Amino acid sequence: MGSLSQDTNSLSTLDVSNWNVSNVLSLDFTFLNTGVKTLDVSKWDVSKVTNFFGTFEGVKFSRLDVSDWKTVSATNVSYMFCGSSFGTLNISNLNTDHVVNMSLMFNGIDMKSLDLSSFNTSNVTNMKSMFHGAKSIYKLDISDFDMGKVTNKEGMLTDLTSLRVLVLGSNTIINGAGLSEPNFKGTSNRWVAVAGGNENNPYGAKYYTSTDLMAAYNSSMSDTYVIGEDKSSIAGHDSTIIAGPNWM
């Protein structure tokens, strides 16, 4: 079903809710740049699909629910949601057990939050530019990512200009992932661990630039990292204290 409705910009509605796709092996670019705003694929049997390359690339959907998709055969999800926009996106139950390629999967996606803590990435080798240019993401949870087999993570976290909450786990590896330096007015523009506090009031004692965090991060540092006020330095000014007659 490759490129089935690719570039159908003038198409506004499409009813595929009852399509039998149980023998389909590839959904590459199936809905690339379609003009459809909503799409009901929630009941699709995609259990034999191995290739999800660019399936929803460039779409602008109000919602997409693939929470019941049994992606047990998936090996390639590269570009799957690249450049797309969703009001709501439910991918919490996607099976990624056999996925090898996640490159550009969420590249440029327009979402405020992505919780990928349920993703099994133990067989993934390629995460190149996975989130690159996703300028709307405020919070990203990759705490359960097992990146032990990843050989390419170049640009994985580059150009996430709104990112202020990053959840990392014991098997997450961000060294070389290109985490951009934050630039938020009125903040320290440094990462600090929540360390038992919360996202608005972190307790971590050490502050990191993105470069420093990538270089230092290891399994013992598993935590949620936020951009907050740098309490390690307090601006002061010269003062004069005058002691009165009752000074003790």
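To start, this report covers the structure provided alongside it.

Criteria and thresholds
Residues numbered from 1 in each chain as written. Predicted model: local features only at pLDDT ≥ 70, side-chain atom pairs only at ≥ 80, totals over all residues. Heavy atoms only, no water. Helix = DSSP H or I, 4+ residues; strand = E, 2+ residues; numbered from the N terminus. Buried < 20%, exposed > 50% of the residue type's maximum accessible area, 1.4 Å probe, protein only. Core = buried A, V, L, I, M, F, W, Y, C linked by side-chain atoms within 4.5 Å. Contact = heavy atoms within 4.5 Å. Salt bridge = Lys/Arg side-chain N within 4 Å of Asp/Glu carboxyl O. Polar contact = N/O pair within 3.5 Å; in protein donor to acceptor, adjacent residues only side chain to side chain. Pairing = 2+ DSSP bridges. Phe/Tyr/Trp six-rings, centres within 6.5 Å; stacked < 30°, edge-to-face > 60°. Lys NZ or Arg CZ within 6 Å of the ring centre and 35° of its normal.

Describing the overall build of the protein
Secondary structure assignment for the protein yields 1 helix and 8 strands. Listed by position from the N terminus, the elements making up the protein come as β-β-β-β-β-β-β-α-β. With the C-alpha coordinates of the protein rotated into their principal frame, the extents come out at 90 × 40 × 25 Å. Expressed as a percentage of the 248 residues in the protein, the buried residues total 46%.

A few points about the nonpolar core
Residues Phe 56, Trp 69, Phe 81, Phe 106 and Phe 131 are the most contacted members of the largest nonpolar core, which totals 65 residues. Of all elements in the fold, only strand 1 (60–65), strand 2 (85–90), strand 5 (165–168), strand 6 (191–193), helix 1 (210–216) and strand 8 (223–227) reach the threshold of two or more residues within this core. Residues in contact with Trp 69, not counting those within four places in the same chain, are Leu 27, Val 41, Ser 42, Trp 44, Val 46, Phe 52, Phe 56, Met 80, Asn 93 and Leu 94.

Some details on the pattern of salt bridges
Inspection of every chain in the model, using the stated rule, returns 2 salt bridges. Between Lys 139 and Glu 199 there is a salt bridge, and its shortest N-O distance comes to 2.8 Å. Within this pair, whereas Lys 139 is found in strand 4 (residues 139–141), its partner Glu 199 is found in the loop between strand 6 and strand 7 (207–208), the two being separated by 60 residues in sequence. Residue classification places Lys 139 among the partly exposed residues on the basis of a relative accessible area of 28%.

Notes on the side chain of Asn 126
Among the secondary structure elements, Asn 126 is positioned in the loop between strand 3 (113–115) and strand 4. One polar contact links the side chain of Asn 126 to the main-chain amide nitrogen of Lys 128, over a distance of 2.9 Å. When sequence neighbours within four positions are dropped, the list of residues in contact with Asn 126 reads Val 100, Asn 101, Met 102, Ser 103 and Asn 152.

Considerations on the sheet that holds strand 6
Strand order in the open sheet formed by 6 strands is 3-4-5-8-6-7, and the pairing between neighbours is mixed. With one partner strand each, in any of the chains shown, strand 3 and strand 7 form the two edges of the open sheet. Across 3 bridges, the pairing between strand 3 and strand 4 is parallel. Directly across from Ser 113, in strand 4, lies its bridge partner Lys 139.

Some details on the packing of aromatic side chains
Within the structure shown, the criterion is met by 15 aromatic pairs. Between Phe 106 and Phe 131, the aromatic rings sit 5.7 Å apart at their centres with planes inclined by 5°, giving stacked as the arrangement. Placement of Phe 106 in the loop between strand 2 and strand 3 and of Phe 131 in the loop between strand 3 and strand 4 is noted, with a sequence separation of 25 residues between them. By relative accessible area, which is 0% here, Phe 106 ends up buried. The aromatic ring of Tyr 208 is capped on one face by Lys 206, whose charged end is 5.4 Å from the ring centroid.

Quick look at unusual backbone geometry
Backbone geometry at Ser 3 places phi at a positive 55°, although glycine is not the residue there. Mapping Ser 3 onto the fold places it in the segment before strand 1. Under the relative-accessibility criterion, Ser 3 is labelled partly exposed at 31%. In the Ramachandran plot, Ala 195 falls in the positive-phi region, its phi being about 50° despite a non-glycine side chain. Relative to the assigned elements, Ala 195 resides in the loop between strand 6 and strand 7.

Remarks on the pairing of strand 5
Side chains of strand 5 alternate between two faces, with Val 165 and Val 167 and Leu 166 and Leu 168 buried alike. The pairing of strand 4 with strand 5 spans 3 bridges and is parallel. Its bridge partner being in strand 5, Asp 141 is matched across the sheet by Val 167. For strand 5 and strand 8, the ladder comprises 4 bridges, and the chain directions are antiparallel. For Val 165, the partnering residue across the bridge sits in strand 8 and is Val 226.

Considering the environment of Thr 158
Here Thr 158 shows up in the loop between strand 4 and strand 5. Remark: the alpha-carbon pair of Thr 158 and Asn 171, spanning 13 residues in sequence, is separated by 20 Å. Non-local contacts of Thr 158, meaning those with residues more than four positions away in its chain, are made with Phe 131, His 132, Gly 133, Ala 177, Gly 178 and Ser 180.

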